[in-house]
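Here are the chains, one letter per residue:
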Amino acid sequence: MIKVYLKRKIANRIFNGHPWVFGNEAERIDGNANPGDIVDVFYNDGRFCGRGFINPKSQILVRLLTRHKEEINEQFFYNRINKAWNYRKKIGYTENCRLIFGEADEMPALIIDKFNDYFVIQTLAYGMDVWKTAIVKTLQEIFNPKGIYERNDVPVRELEGLPQQKGFLSANFDTNIIINENGLKFYVDIENGQKTGYFLDQQDNRKSIKHIVKNADVLGVFTYTGTFEIHAAYYGAKSVLGLDISEHAVAQANKNAALNGLENIVRFEAMNAFDVLKKWSKEEKKYDVVMLDPPAFTKSRENIQKAIAGYKEINLRGMQLIKNGGFLVTSSCTNLVPPEMFLHTIELAAKDARKKIRQVVFNAQASDHPIIWGMENTNYLKFLIVEVCDK
Ligand code: SAH
């Protein structure tokens, strides 16, 4: 087995449980390592650190799979996936859930979303991709699913020397499926939807708008397939308008409204959020509730300030569009913007908009995406509801 020795001054991060070893943290490698090989990692003094997969082409040299000297084989993957499934059952996420949330389930670079009887998987590192067959076999054994699909059309794979690809990992099936959530139905386009097709991470947060939308005129921006907006209509909103820049998303959203018989209350249009928020706030349009759920604004540290400026802009405009005593429902999924930084940005936006805000709800993602303390990027979703009053 290839051996990787860490530098003497290795980050406490690894010692404390973080599974990544960066290239500049290794002092030497004994053996000729190829991408995907299983390696043993040792501290500088020779003590065993853990076992994982290596990729000399990647900035993340090793991702640890275990801190024990256990064999990495098909059974190992079966055990890990089964453990993650038992955890989801224990915390009450079974019908639709993120079954594997990468590092948070000790399965680095693996994402598996379960949409009832269908599974969508992403293997985002070389050493995880190698085990795709074992992973699929496990899913077949535990779930006997109706279908498994690979959404590896993700640019990050190229950093690992992997191609972008998507396709069936089981017999072919109709990739337009319907899932249930909070008493509603939604189409999920597994093949062409964003990411794995559906954002399960907001499933609990969607419920938390229940009381504030009653009899309200609601504006939802960055709507994607209309999930928050359709929830608003279902919970008794008077009118709901949802906006997204993608025509495909808007078409899906309108289909979802009709699927739930709510098309007379909620409608969707394709528009650029930044233009609309600016224009309508100048025209002094008003809503009882404004909801914002933009995509991640940056994936690189250099652009954090730009991302913050983006959050400030849309939230400032959003607050200006709210009637006195109405509510702002606002999210951020940029993992490089920690919760405190997001809250501070909202505070600055309120100040500039001359509004007084009162916190109603502050949440992260649903619990099927566990947060591991010490692994900041597992704590990525910020979801905030505030009451907005004139100063
Ligand atoms: N609220 C949704 C998820 C939104 S994802 C849900 O819970 O499922 C973010 C959405 O923002 C994407 O659908 C994307 O098409 C849209 N988007 C990105 N840039 C935009 C822009 N400038 N204006 C409007 N929508 C935009």
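Residues numbered from 1 in each chain as written. Predicted model: local features only at pLDDT ≥ 70, side-chain atom pairs only at ≥ 80, totals over all residues. Heavy atoms only, no water.

*Asks:* Hey, could you run me through the packing of helix H8 (residues 273-282) against helix H9 (residues 304-320) in this one?
*Replies:* Each packed pair of helices is defined by two parameters, the angle between the axes and the distance between the axes. Interaxial distance between H8 and H9 falls to 9 Å at its minimum, and their mutual angle equals 35 degrees. Remark: the crossing between H8 and H9 carries left-handed chirality. Contacts between H8 and H9 pair Phe274, Leu277, Lys278 and Ser281 from the former with Ile314, Arg317 and Gln320 from the latter. Partitioning the contact of H8 with H9 into residue classes produces three nonpolar, two polar and two charged. (Axes fitted to C-alpha atoms, helices over the stretch in contact; angles between N-to-C directions. Helix = DSSP H or I, 4+ residues; strand = E, 2+ residues; numbered from the N terminus. Left-handed = near helix turned anticlockwise from the far one by under 90°. Contact = heavy atoms within 4.5 Å. Nonpolar A, V, L, I, M, F, W, Y, C, P; charged D, E, K, R; others polar.)

*Asks:* Any chance you could explain the site of the ligand here in plain terms?
*Replies:* Near the ligand there are 17 residues, and of these Gln194, Arg206, Asp244, Ala273 and Asp293 occur at the shortest range. Note that an oxygen atom of the ligand is positioned 2.9 Å from one of the side-chain N or O atoms of Arg206. A distance of 2.7 Å separates an oxygen atom of the ligand from a polar atom in the side chain of Asp244. When the free accessible area of the ligand is taken as 580 Å², the share hidden by the protein chains comes to 90%. Going through the elements one at a time, helix H6 (227-234) and H8 are the ones with two or more residues in the shell around the ligand. When its residues are assigned to classes, the shell around the ligand shows nine nonpolar, five polar and three charged. (Near = heavy atom within 4 Å. Polar contact = N/O pair within 3.5 Å; in protein donor to acceptor, adjacent residues only side chain to side chain. Areas by Shrake-Rupley, 256 points an atom, 1.4 Å probe, with all protein chains shown as cover.)

*Asks:* Would you explain helix H7 (residues 247-259) in this entry?
*Replies:* Side chains three or four residues apart in an α-helix point the same way, a direct result of the helix having 3.6 residues per turn. Across its 13 residues, H7 extends 18 Å between first and last C-alpha, which sits within 8% of the 18 Å expected from 1.5 Å per residue. All of the buried residues along H7 are Ala249, Val250, Gln252, Ala253, Asn256 and Ala257. Buried residues of H7, seen end-on, are gathered within an arc of 160 degrees and therefore sit on one face of the element. Turning to H7, the residues buried within the fold contact strand S13 (184-189), H6, strand S15 (239-244) and strand S16 (266-270). If you check the start of H7, you find a side-chain oxygen 3.3 Å away from the backbone N of His248, and it comes from Ser246. Within two residues after H7, Gly261 carries a phi angle of roughly 65 degrees, on the positive side. (Expected span 1.5 Å × (residues − 1). Buried < 20%, exposed > 50% of the residue type's maximum accessible area, 1.4 Å probe, protein only. Arc of directions from axis to C-beta.)

*Asks:* Teacher, can you tell me more about the pattern of salt bridges here?
*Replies:* Two side chains of opposite charge can pair, provided their charged atoms sit close to one another. Scanning the model with the defined rule gives 26 salt bridges in all. Between Arg47 and Asp45 there is a salt bridge, with the nearest N and O atoms lying 3.0 Å from each other. Asp288 is the salt-bridge partner of Lys323, the closest N and O atoms lying 3.3 Å from each other. In this pair, Lys323 is assigned in strand S18 (residues 322-332) and Asp288 in strand S17 (residues 287-292), connecting sequence segments 35 residues apart. (Salt bridge = Lys/Arg side-chain N within 4 Å of Asp/Glu carboxyl O.)

*Asks:* I tried to follow the layout of surface pockets on my own but got confused; where do I start?
*Replies:* Rolled over the atoms, a probe with the dimensions of a water molecule shows which regions are left empty. Counted as a void, the second largest pocket has a volume near 210 Å³. What lines the second largest pocket is simply Gly17, Pro19, Leu64, Leu65, Thr66, Arg67, His68, Arg80, Glu103, Glu106, Pro108 and Met375. It is strand S6 (residues 60-66) that contributes the most residues to the lining of the second largest pocket, three residues altogether. A per-class count over the lining of the second largest pocket returns five nonpolar, three polar and four charged. Both domains that furnish three or more residues to the lining of the second largest pocket are identified here as domain 1 (2-66) and domain 2 (74-177). (1 Å grid on protein atoms, 1.4 Å probe; cavity = no way out; pocket = protein on both sides within 12 Å on 5 of 7 lines; lining within 4 Å. Points joined across faces, edges and corners; volume = space filled by probe spheres on them. Domains from an automatic or database assignment.)

*Asks:* I'm lost on the sheet that holds S17 in this one. Help?
*Replies:* Think of a sheet as strands paired side by side through backbone hydrogen bonds, with each pair either parallel or antiparallel. An order of S16-S15-S14-S17-S18-S20-S19 is seen for the seven strands of this open sheet, with the pairing classed as mixed. The two strands at the open ends of the sheet, each matched to only one other strand, are S16 and strand S19 (355-363). Between one strand axis and the next, the sheet turns by 20 degrees as a mean value, whatever way the strands run. With eight bridges connecting them, S19 and strand S20 (residues 382-390) associate as antiparallel partners. Residue Arg358 lies in a different strand from S20, and its bridge partner there is Glu387. (Pairing = 2+ DSSP bridges.)

*Asks:* How should the state of the cysteines be read in this particular structure?
*Replies:* When the sulfur atoms of two cysteines share a covalent bond, that bond is a disulfide. Per the stated rule, a full pass over the model turns up zero disulfides. Among the cysteines around Cys333, which has no disulfide bond, Cys97 carries the closest sulfur, lying 20 Å off. The exposure class assigned to Cys333 is partly exposed, which follows from its relative accessible area of 23%. (Disulfide = S-S within 2.5 Å.)

*Asks:* Would you take a moment to explain helix H2 (residues 74-91) for this structure?
*Replies:* Along its 18 residues, H2 runs 26 Å from first to last C-alpha, staying within 8% of the 26 Å computed at 1.5 Å per residue. Of all the residues in H2, the buried ones are Phe76, Phe77, Arg80, Ile81, Ala84, Trp85 and Arg88. Looking straight down H2, one finds that the buried residues subtend no more than 165 degrees of arc, so they occupy a single side. Among the exposed residues of H2, those pointing more than 90 degrees away from its buried face are Lys83 and Lys90. Looking at the buried side of H2, the elements it contacts are S6, strand S7 (96-101), strand S8 (110-115), helix H3 (126-129) and helix H4 (132-143). At the C-terminal side of H2, Gly92 shows a positive phi close to 90 degrees.

*Asks:* Would you mind showing me how to read the pairing of S16 here?
*Replies:* Each regular strand shows side chains that alternate between the opposite faces of the sheet. Where S15 and S16 come together, five bridges link them in parallel fashion. Bridging across to S16, Gly242 finds its partner in Phe268. Traced from S15 through H7 to S16, the parallel crossover comes out right-handed. (Right-handed = clockwise from strand over helix to strand, strands pointing away.)

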